[in-house]
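Letter by letter, the chains look like this.
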Amino acid sequence: MSKNTLWTGSEDIAEYVEKNRVAEKQHEVLKSITQRKLHDILTTTKHLQDISGDVTLEEVNAQISLIRGQSIILFVTREALPPFEIVVPQSGTSVRDLKKAIERYYTLTQRRQQSSLGGECSKRGGQTKISWRYIWRTYMLAYGGIRLVDDNQVLATYGIQNKDHLRFVKRKRDKCSKKH
């Protein structure tokens, strides 16, 4: 066997370990430089100043799409809580797409809150799991007095436009389908 494919002695292992240490240090230095540069870009570019430092590629693309006029902002309200912003493509976005965007928003927000607490776990031993299946069975989105009942329907058919407000509403139970 060649020296490249088989460990032949302690010198090879020590050399391998040292190369890994050097590579890890280089990686950390590059990560640090990238984070500083990203922070500089986010704080000095007018349209990107409201993006957090741990921004995802999806968030950057959404902001760029918004600047180009290809996306819209929707404000979603939940009972007594303040509204939050969701960015979705301007055309062709279905109710299902909007729901997925809301799910991603919550997941990302929850992850950021957990990391801001220094990685501390909740009393239940980790991140709170949201059952989106339960949420969407119990609640639906509404625009004005219109309930968005068809997940396949495009938002534009409801007349939803940029900066419109949507809200979570409790689903009405169908008493006719309930067996006695």
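Each remark here, short or long, concerns the structure printed above.
Note that the structure is predicted; figures quoted are calculated from it, not measured.

Chemist: Explanation requested: the overall build of the chain in the structure shown.
Modeler: The number of helices and strands found in the chain is four helices and five strands. In the chain, the order of α-helices and β-strands from amino to carboxyl end is α-α-β-β-α-α-β-β-β. Within the chain, buried positions represent 26% of all 180 residues. For the chain, the exposed surface amounts to about 13600 Å²; the carbon and sulfur share of it is 54%.

Chemist: I tried to follow the nonpolar core on my own but got confused; where do I start?
Modeler: What tends to happen in soluble globular proteins is that the nonpolar side chains get buried as a cluster. Core analysis: the biggest nonpolar cluster contains 22 residues, and Leu-98 and Ile-102 have the highest contact counts within it. Elements with a minimum of two residues in this core: strand E1 (71–78), strand E2 (81–89), helix H3 (95–116), helix H4 (132–138), strand E3 (139–143) and strand E5 (164–170). Sequence-distant contacts of Leu-98, that is, excluding residues within four places in its chain, are made with Leu-74, Ile-86, Val-88, Thr-93, Leu-141, Leu-155 and Leu-166.

Chemist: I'm lost on the packing of aromatic side chains in this one. Help?
Modeler: Inspection of the entire model under this criterion finds seven aromatic pairs. Centroid distance Tyr-105 to Tyr-106: 5.8 Å. Interplanar angle 85°. Geometry classified as edge-to-face. Among the residues examined, Tyr-105 registers a relative accessible area of 29% and is labelled partly exposed. On the basis of an interplanar angle of 85° and a centroid distance of 6.4 Å, the ring pair of Tyr-139 and Phe-168 is categorised as edge-to-face. Of this pair, Tyr-139 sits in strand E3 while Phe-168 sits in strand E5, and the two are 29 residues apart along the sequence. By relative accessible area, which is 23% here, Tyr-139 ends up partly exposed. Through pairs of rings, three or more aromatic residues link up here, namely Phe-84, Tyr-105, Tyr-106, Trp-132, Trp-136, Tyr-139 and Phe-168.

Chemist: Quick question: what am I supposed to make of the pairing of E5 here?
Modeler: Regular strands have side chains that alternate between both faces of the sheet. As paired elements, E1 and E5 share four bridges and run parallel to each other. For Leu-74, the partnering residue across the bridge sits in E5 and is Asp-164. As paired elements, E3 and E5 share four bridges and run antiparallel to each other. Bridge pairing in E5 links Tyr-139 to Lys-170.

Chemist: What's the story with the sheet that holds E3 in this structure? I'm lost.
Modeler: The pairing of strands in a sheet happens through backbone hydrogen bonds and is either parallel or antiparallel. Spatial ordering of the open sheet is given by E2-E1-E5-E3-E4, a layout of five strands whose pairing is mixed. Here the strands that pair on one side only, and so sit at the sheet edges, are E2 and strand E4 (146–147). Along the sheet, helix H2 (residues 57–67) makes contact with E1 and E2, crossing E1 at roughly 115°. Sheet strands in contact with H3 are E1, E2, E3 and E5, and its direction is about 125° off that of E2.

Cut-offs applied
Residues numbered from 1 in each chain as written. Predicted model: local features only at pLDDT ≥ 70, side-chain atom pairs only at ≥ 80, totals over all residues. Heavy atoms only, no water. Helix = DSSP H or I, 4+ residues; strand = E, 2+ residues; numbered from the N terminus. Buried < 20%, exposed > 50% of the residue type's maximum accessible area, 1.4 Å probe, protein only. Areas by Shrake-Rupley, 256 points an atom, 1.4 Å probe, with all protein chains shown as cover. Core = buried A, V, L, I, M, F, W, Y, C linked by side-chain atoms within 4.5 Å. Contact = heavy atoms within 4.5 Å. Phe/Tyr/Trp six-rings, centres within 6.5 Å; stacked < 30°, edge-to-face > 60°. Pairing = 2+ DSSP bridges. Axes fitted to C-alpha atoms, helices over the stretch in contact; angles between N-to-C directions.

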